[in-house]
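So the chains spell out like this:
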Protein chains: 2
Amino acid sequence: MENSRFLRACRRLPVDCTPVWMMRQAGRYLPEYRALREQHSFWEMCKTPELATEVTLQPLRRFDLDAAIIFSDILVPVEAMGAPFEFIESRGPVLEAPVRTAAAVERLRVVEARETVPFVMEAIRLLRRELDGRVPLIGFSGAPFTLASYLVEGAGSKQYQHVKTMMYAAPDIFHTLMRKITEVVISYLDAQVEAGAQVFQLFDSWVGCLNRDDYREYVFPYNQRIFRALAGRGVPMIHFANQAATLLDLVRDAGGDIIGLDWRIDLDTAWEIVGPDRGVQGNIDPILLFAPVETIRNRTARIIRQADGRPGHIFNLGHGILPTTPIDHAKALIDAVHELSAR
Amino acid sequence: MENSRFLRACRRLPVDCTPVWMMRQAGRYLPEYRALREQHSFWEMCKTPELATEVTLQPLRRFDLDAAIIFSDILVPVEAMGAPFEFIESRGPVLEAPVRTAAAVERLRVVEARETVPFVMEAIRLLRRELDGRVPLIGFSGAPFTLASYLVEGAGSKQYQHVKTMMYAAPDIFHTLMRKITEVVISYLDAQVEAGAQVFQLFDSWVGCLNRDDYREYVFPYNQRIFRALAGRGVPMIHFANQAATLLDLVRDAGGDIIGLDWRIDLDTAWEIVGPDRGVQGNIDPILLFAPVETIRNRTARIIRQADGRPGHIFNLGHGILPTTPIDHAKALIDAVHELSAR
């Protein structure tokens with residue numbers, strides 16, 4: 001397994017061709033996912049190890065993917081802290097009561113993931129047995145700022161007004177919130193690795209709304225703490241900050257063996273910023289999967305050229321695959337990556 | 001007037017202190033705006049020169065702003081092309097029928113702004129009289145990609161799936177759409193300048209969703225055409241591409257005397273990319289207006305330090321002011337800019 005294409009690339013070792021996986025590869029664009037989803041709620045699928053396992057494996061039956069990623073939601077550990085969500089189809093998860101005061105932050109529990117969300121670890125154990133060495137399994141967690149945003153905004157947000165206002169106007173409350181979340185994230189990722197996750201990705205999906213000063217002061221120390229706490233576990237760590245091209249050097253300094261990229265920055269420019277001692281992951285626009293296959297192949301070739309054969313490139317989308325993506329186009333992308341990067 | 005602080009900064013001439021205006025400075029954060037809005041619909045306010053004039057002047061009565069900007073909406077010329085919108089309070093403008101086919105693009109009219117939206121020019125003439133040389137008046141238009149996005153998506157969007165899919169899968173239709181919009185934008189800005197706008201800003205609010213290749217191929221030629229067509233009119237041109245730090249060199253090459261910046265990139269780093277032969281505008285996060293006044297002043301001072309006294313800096317927010325912004329904080333920002341930058 002350590003010799004798999006994916007884990008070798010994570011360690012910047014030469015590979016036969018570039019490994020590829022897709023963010024949200026287990027999801028609504030697959031009819032077999034939608035069929036299961038008709039019978040079970042989203043949370044039920046996250047919380048039932050057998051269902052999470054089945055959904056995780058679905059894309060691997062169709063495509064030549066180089067890694068599996070545990071099916072779950074970044075809000076699973078947040079809910080466990082004492083912030084219940086409702087899942088509203090058109091809006092995604094909506095918090096029953098946004099966390100906006102010192103008292104509300106105080107009430108959040110610093111939980112031990114092994115005890116509060118054991119179903120995730122159980123799914124990881126099941127998956128390792130099912131995968132049986134075929135491809136490595138990725139665990140993941142939302143990063144503290146992204147989770148804090150969800151908690152304070154109470155739902156998806158365009159402006160991040162409430163979380164930033166807390167940050168600017170009540171920095172002590174904000175820091176307390178970040179400290180609590182950070183402890184939970186560490187315990188959550190640690191439990192996933194212990195259960196069998198062979199890599200993990202920290203998703204900082206919303207951090208791109210911040211300026212560099214704010215990232216340095218309010219985010220960096222917490223992400224750094226997570227990577228430092230888990231560095232000794234011996235698994236490669238992927239750090240993906242979405243829409244964060246202007247923060248890339250800071251993101252790298254916070255930690256991670258592989259730095260995730262979205263499509264807004266050219267991969268070669270980004271790798272230059274990230275530096276030669278880290279790998280990069282990315283970075284095709286998921287909407288390119290709606291283009292004709294020839295265009296998909298041309299853009300894939302361009303990204304592979306930008307990586308220039310350097311060890312340490314993992315191919316991925318720059319964001320999650322969209323629910324209406326044509327399946328044969330997803331397959332065309334994955335096959336193109338392998339074919340066009342073959343050494 | 002040519003000697004005003006604002007116009008001198010637009011031409012990169014020395015000024016007594018840094019000029020400042022705020023995107024969406026005429027808007028819902030002002031009680032006098034909300035009072036008027038209770039009596040008139042949003043479109044009525046855009047389309048009635050006396051109302052647009054009144055709303056444009058409101059913030060100037062409260063604050064020491066260095067420029068006025070005509071109150072209007074970027075969709076005004078789009079509607080005139082034959083794409084009616086409905087204004088839905090919680091969602092903003094929603095198109096009655098999204099433009100997604102060759103036939104729909106074909107039906108759009110390349111209108112002459114003087115004839116189809118004369119009320120904008122009338123408001124500009126009224127405003128010039130009312131302002132009577134107090135501060136310069138800024139005209140504006142949405143940029144072609146931003147307007148195309150609205151037309152194709154039919155409303156605000158998170159993923160820009162439909163417009164990008166048209167771009168990737170039906171590039172001919174997309175280019176036809178962009179050509180038509182570009183002609184309308186040129187006629188619209190030309191008419192505004194003729195009516196008395198002393199500066200204009202091209203707002204490319206949504207272009208930050210694109211990668212560099214797509215910007216080069218699908219956006220750059222159209223924005224360049226607009227700036228070239230209007231360069232001879234003798235008014236300074238501001239080019240603001242939102243969330244587009246990774247496109248900044250291309251944005252500059254497309255045109256504009258002043259390049260607008262959001263807060264995601266440090267102003268000094270951005271000015272380095274933009275180059276010394278252009279000015280820059282920006283770039284405080286509008287959510288910083290919810291911070292204590294001391295924090296607002298500290299951040300303002302930091303941006304002024306980054307500009308380092310170089311002629312050609314216009315202070316602004318990195319995005320429109322939010323409806324719940326405390327008015328005294330807006331005033332504190334404007335006063336801080338003048339005070340902290342006084343030569």
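The coordinates are above.
To start, this report covers the structure provided alongside it. (Residues numbered from 1 in each chain as written. Chains lettered and ligands numbered in written order. Predicted model: local features only at pLDDT ≥ 70, side-chain atom pairs only at ≥ 80, totals over all residues.)

### Comments concerning the packing of helix 8 (residues 118-131) of chain B against helix 11 (residues 171-195) of chain B
Residues and elements named next belong to chain B.
Consideration 1: Where helix 8 meets helix 11, the axes come as close as 8 Å, and the angle between the chain directions of the two elements is 25°. Here helix 8 is positioned roughly parallel relative to helix 11, judged by the angle of their axes. Relative to helix 11, the crossing made by helix 8 is right-handed. Note on element contacts: helix 11 touches helix 8 through A191, Q192 and A195, opposite V120, M121, I124 and R125.
Consideration 2: Among the residues making up the contact of helix 8 with helix 11, the classes are represented as 5 nonpolar, 1 polar and 1 charged. (Axes fitted to C-alpha atoms, helices over the stretch in contact; angles between N-to-C directions. Helix = DSSP H or I, 4+ residues; strand = E, 2+ residues; numbered from the N terminus. Parallel < 35°, antiparallel > 145°, perpendicular 65-115°, else oblique. Left-handed = near helix turned anticlockwise from the far one by under 90°. Contact = placed C-beta atoms within 7 Å. Nonpolar A, V, L, I, M, F, W, Y, C, P; charged D, E, K, R; others polar.)

### Notes on the interface of chain A and chain B
Consideration 1: If you look at the interface, chain A gives 22 residues, while chain B gives 22 residues.
Consideration 2: Counting residues per element, the side of chain A that touches chain B draws most heavily on helix 10 (residues 161-169) of chain A, at 5 residues.
Consideration 3: Its residues assigned to classes, the side of chain A that touches chain B shows 11 nonpolar, 6 polar and 5 charged.

### Some details on the relation of the copies chain A and chain B
One copy of the chain maps onto the other through a rotation about an axis followed by a shift along the same axis.
Consideration 1: Superposing chain A onto chain B takes a rotation of 180° plus a shift of 0.0 Å along the axis, which leaves an RMSD of 0.0 Å. On the angle and the small slide along the axis, the relation comes out as a two-fold axis.
Consideration 2: In this assembly the copies share their binding face: 100% of the residues contributing to the interface of chain A also contribute to that of chain B. (Least-squares fit on C-alpha atoms with pLDDT ≥ 70 in both.)

### Focus: the sheet that holds strand 5 (residues 199-204) of chain A
All names here are of chain A.
Consideration 1: With respect to topology, 7 strands assemble into an open sheet ordered 1-4-5-6-7-8-9, the strand pairing being parallel. What marks the edges here is a single partner per strand, and that holds for strand 1 (68-69) and strand 9 (313-317).
Consideration 2: Strand direction decides the pairing type here: strand 6 (residues 237-241) and strand 7 (residues 258-260), joined by 3 bridges, are parallel. Residue pairing in the sheet places F240 in a bridge with G260 of strand 7. (Pairing = 2+ DSSP bridges.)

### Looking at the sheet that holds strand 4 (residues 137-142) of chain B
Residues and elements named next belong to chain B.
Consideration 1: Spatial strand order, 1-4-5-6-7-8-9: 7 strands in an open sheet with parallel pairing. The outermost strands of the open sheet, each flanked by one partner alone, are strand 1 (68-69) and strand 9 (313-317).
Consideration 2: Judged from the 5 bridges that link them, strand 5 (residues 199-204) and strand 6 (residues 237-241) form a sheet pairing that is parallel. Paired with F203 across the bridge in strand 6 is F240.

### Some details on the environment of I138 of chain A
Consideration 1: Following the sequence through the fold, I138 of chain A ends up in strand 4 (residues 137-142).
Consideration 2: Sequence spacing of I138 of chain A and D262 of chain A is 124 residues, and the spatial spacing of their C-alpha atoms is 19 Å.

### Considering helix 15 (residues 293-307) of chain B
Along an α-helix, residues three or four apart share an orientation, since each turn contains 3.6 residues.
All names here are of chain B.
Consideration 1: Taking 1.5 Å per residue as the helical rise, helix 15 with its 15 residues ought to reach 21 Å, and the 21 Å between its terminal C-alpha atoms agrees with that figure.
Consideration 2: Three or more residues of helix 15 are buried, namely I296, R299, T300, I303, I304 and A307. The arc enclosing the buried residues of helix 15, seen along the axis, measures out at 140°, which places them on a common side.
Consideration 3: Looking at the buried side of helix 15, the elements it contacts are helix 14 (267-274), strand 8 (279-284), strand 9 and helix 16 (327-341).
Consideration 4: Note on helix 15: the residue one or two positions beyond its end, D308, has a positive phi of about 60°. (Expected span 1.5 Å × (residues − 1). Buried ≥ 20, exposed ≤ 12 C-beta atoms within 10 Å, placed from the backbone. Arc of directions from axis to C-beta.)

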